[in-house]
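This is what each chain is made of:
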Amino acid sequence: MSNRSEITQMLSLAVEKYINPHSDPRIYWAREVTFGYATSDMVRVDFMKFKPVNNTVSGIEKGDFYCYEVKSSVEDFHSKNGHNFLGDLNYYVMPEDVFEKVKNEIPHYVGVLVPINDKWRTLKSVKKAKRKNRERPVSEMLLMMFRSCARERSKNE
C-alpha cells in the first residue's frame, strides 16, 4: 500500500475498530475533534475517546480522554499538522515501518499503535502512552467531542 490517502483511510478504520470494536453505544468517541474553532489557535485531533470512571458526577469528572493522531508516512509525521495531544493518554497510529524511522522523535509520553498484519484491521501497542496532565476542562473536551459527533451525524443525513 503506497498511496498516502489509502494508508490514512485504512489506519483510520483500524482506529475506529480499536476504540470501539463491538459498536458499543457506551463507548464515547469522535473523529476530527476541533478546538479553538475559527481562531488562530485552532487544532484538530483525529480521534478522541472519553472513558469515565463511572456515570456519577465525580466519575465523569475523573474520566480520561484518549487522543489518537494518524500518521501515514514519515513526511506526514514531520509535517506541522496533527501533533495535537490534548488528552490524558495520547497515541500516534502509524505503519510499523514509519514508527521504526521516527521512534526517536516521539515524545516520551506519547504511545504508538501499529497494524499487526497485512490487512490492517487490528492495532497493537508498540509504545505505551504515559499519563500527561490535561490542560483543558472536561466540559470543553466533551462539548468539542459532542460538536464533532453532531457534524458527522448531519453529514450522514
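Treat the numbers as computed from the prediction; the structure is a model and nothing was measured.

(A) Spotlight on helix 5 (residues 138–156). Helix length check: helix 5, at 19 residues, gives a terminal C-alpha distance of 27 Å against a target of 27 Å (1.5 Å per residue), a fit within 8%. Inspection of helix 5 places V138, M141, M144, M145, S148 and E152 among the buried residues, and these make up the whole buried set. Projected down its long axis, helix 5 carries its buried residues within an arc of 145°, all on one side. Away from its buried face, by an angle of more than 90 degrees, helix 5 presents the exposed residues S139 and F146. Buried residues in helix 5 make contact with strand 1 (28–35), strand 2 (43–51), helix 2 (57–61) and strand 3 (64–70).

(B) Main features of the pattern of salt bridges. All chains considered together, the criterion is met by 11 salt bridges. Across the pair R31 and E16 runs a salt bridge whose closest N-O atoms are separated by 2.6 Å. In this pair, R31 is assigned in strand 1 and E16 in helix 1 (residues 4–19), connecting sequence segments 15 residues apart. Taking the relative accessible area as the measure of exposure, R31 reaches 23% and is therefore partly exposed. With a closest N to O distance of 3.5 Å, K71 and D76 form a salt bridge. Of the two residues, K71 and D76, neither departs from the other in class, the shared state being buried.

(C) Inspection of the sheet that holds strand 4 (residues 89–93) at higher detail. Here we have 6 strands laid out as an open sheet, ordered 1-2-3-4-5-6, and mixed in their pairing. One side of each edge strand has no neighbouring strand; the edge strands of this open sheet are strand 1 and strand 6 (123–127). Each strand axis lies, on average, 35° off the axis of its neighbour in the sheet, ignoring direction. Bridging between strand 1 and strand 2 involves 7 bridges; their strand directions are antiparallel. Bridge pairing links V33 to V45 in strand 2.

Calculation notes
Residues numbered from 1 in each chain as written. Predicted model: local features only at pLDDT ≥ 70, side-chain atom pairs only at ≥ 80, totals over all residues. Heavy atoms only, no water. Helix = DSSP H or I, 4+ residues; strand = E, 2+ residues; numbered from the N terminus. Expected span 1.5 Å × (residues − 1). Buried < 20%, exposed > 50% of the residue type's maximum accessible area, 1.4 Å probe, protein only. Arc of directions from axis to C-beta. Contact = heavy atoms within 4.5 Å. Salt bridge = Lys/Arg side-chain N within 4 Å of Asp/Glu carboxyl O. Pairing = 2+ DSSP bridges. Axes fitted to C-alpha atoms, helices over the stretch in contact; angles between N-to-C directions.

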